[in-house]
Amino acid sequence: MAEFVLVPGARLGAWAWDAVTESLRSAGHAVYAVTLSGLAERGGPTADRVGQQQHVADIVSVVEGNELYDVVLVGHSYSGIPVGQAAGRIGDRLQRVVYVDSSIPADGLSFVDGWSEDDRAWLAEQLVEGDGTWLPAEAEHFVDQDLSDEAISQLVSRSTPHPGLTLTQPARLTRPIGELPTTYIKCLMAGGTPSPDVQRELESPQWRLIEMQTGHWPMLSQPAALAQLLATV
């Protein structure tokens, strides 16, 4: 059985994976859902000081601290950035990387480097308003994404400000992500095709693409289906 390390996207904690964790564990897998520094129960007044490399270290620490092998390292949304870096640092402990509708790291580039000028300016305003953190989204952000009212309520009530430095600091790759065995899960209700950088990586024989007919938060909209996919990647 694989050992799964599940990392949530921006503004979320390990709680976002609860239903997926339950399904995988019931199938006999070991599962470690991660709350990254500065978020959810690990948040607090110093969240604005947490940098991207701390998030990479958080993930590596879960793998090495629990002496995990045959690791399926799963990153959703923002967390694809630190997950892709951590995957190159855990060596032969890695079985596969899975990006769930996520960003992917490029050496020397940040999470927001691919954003438009207007979007970067909007985020800069958010970080000022949030005292160095990216503020949680309102309910309108989650509509038309295959989410129940209960799931949207949970996302709104349990999301926490996200450390801004993790979004603007550059990734540091120790190994090209195209060399690593990788599955990219594209959620079609969040856009019909992967981003151009993902499409380029999918040219690697190590990468494959799986599509889900759901929105950007499949761990909440279709957790059983996502767990089944993860168990077979």
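Residues numbered from 1 in each chain as written. Predicted model: local features only at pLDDT ≥ 70, side-chain atom pairs only at ≥ 80, totals over all residues. Heavy atoms only, no water.

### Comments concerning the nonpolar core
Burial of nonpolar side chains together is a common tendency in soluble globular proteins. Of all hydrophobic cores here, the largest spans 35 residues; its most connected members are Val 5 and Leu 73. Per-element tally for this core: the top contributor is helix α2 (residues 52–65), with five residues. Apart from the residues within four sequence positions on either side, Val 5 is in contact with Tyr 32, Val 34, Val 62, Val 63, Leu 68, Val 71, Val 72, Leu 73 and Val 74. Trp 17, Val 72, Val 74 and Leu 155 belong to the second-largest nonpolar core, a separate cluster that totals 30 residues. (Core = buried A, V, L, I, M, F, W, Y, C linked by side-chain atoms within 4.5 Å. Buried < 20%, exposed > 50% of the residue type's maximum accessible area, 1.4 Å probe, protein only. Helix = DSSP H or I, 4+ residues; strand = E, 2+ residues; numbered from the N terminus. Contact = heavy atoms within 4.5 Å.)

### Digging into the environment of Pro 82
You can see Pro 82 is positioned in helix α3 (residues 80–89). For the pair Pro 82 and Ile 104, spaced 22 residues apart in sequence, the C-alpha separation works out to 8.5 Å. When residues no more than four places from it in sequence are discounted, the contact partners of Pro 82 are His 55, Val 56 and Ile 59.

### Details of the side chain of Asp 101
As for its position among the elements, Asp 101 is in the loop between β4 (94–100) and α4 (117–129). Within the structure, the side chain of Asp 101 is placed 3.0 Å from the side chain of Lys 186, a separation counted as a polar contact. Once residues within four sequence positions are removed from consideration, Asp 101 is found in contact with Ser 77, Tyr 184, Ile 185, Lys 186, Cys 187, Ala 190 and His 216. (Polar contact = N/O pair within 3.5 Å; in protein donor to acceptor, adjacent residues only side chain to side chain.)

### Things to note about the packing of aromatic side chains
Going through the model one piece at a time under the given rule, you end up with eight aromatic pairs. Here Phe 142 and Trp 217 contribute two aromatic rings whose centre-to-centre distance is 4.8 Å and whose plane-to-plane angle is 65°, an arrangement assigned as edge-to-face. Within this pair, whereas Phe 142 is found in the loop between β5 (133–134) and α5 (149–158), its partner Trp 217 is found in the loop between β8 (207–212) and α8 (218–221), the two being separated by 75 residues in sequence. Three or more aromatic residues link up through ring pairs in this structure, and these residues are Tyr 78, Phe 111, Trp 115, Trp 122 and Trp 134. Positioned above the aromatic ring of Trp 134 is the side chain of Arg 11, whose terminal nitrogen or guanidinium carbon lies 4.0 Å from the ring centre. Sitting over the face of the ring of Tyr 69, Arg 93 holds its NZ or CZ atom 4.4 Å from the ring centroid. (Phe/Tyr/Trp six-rings, centres within 6.5 Å; stacked < 30°, edge-to-face > 60°. Lys NZ or Arg CZ within 6 Å of the ring centre and 35° of its normal.)

### So, the packing of α2 against α3
Interhelical geometry of α2 versus α3 gives an angle of 50° and a closest axis separation of 9 Å. Classed by the angle they form, the pair α2 and α3 counts as oblique. Between α2 and α3 lies a crossing whose hand is right-handed. Packed against α2, whose contacting residues are Gln 52, Gln 53, His 55, Val 56, Ile 59, Val 60 and Glu 64, the element α3 presents Ile 81, Pro 82, Val 83, Gln 85, Ala 86 and Arg 89 at the interface. (Axes fitted to C-alpha atoms, helices over the stretch in contact; angles between N-to-C directions. Parallel < 35°, antiparallel > 145°, perpendicular 65-115°, else oblique. Left-handed = near helix turned anticlockwise from the far one by under 90°.)

### Quick look at the layout of surface pockets
Estimates place the volume of the largest pocket at around 1100 Å³. Together, 44 residues line the largest pocket, and Ser 77, Ser 102, Ser 103, Phe 111 and Trp 115 are the ones closest to its centre. Every element with two or more residues in the lining of the largest pocket is listed here: α4, β7 (182–187) and α7 (196–201). Examining the composition of the lining of the largest pocket, we find that four residues originate from one element, α7, more than from any other. A per-class count over the lining of the largest pocket returns 22 nonpolar, 14 polar and eight charged. (1 Å grid on protein atoms, 1.4 Å probe; cavity = no way out; pocket = protein on both sides within 12 Å on 5 of 7 lines; lining within 4 Å. Points joined across faces, edges and corners; volume = space filled by probe spheres on them. Nonpolar A, V, L, I, M, F, W, Y, C, P; charged D, E, K, R; others polar.)

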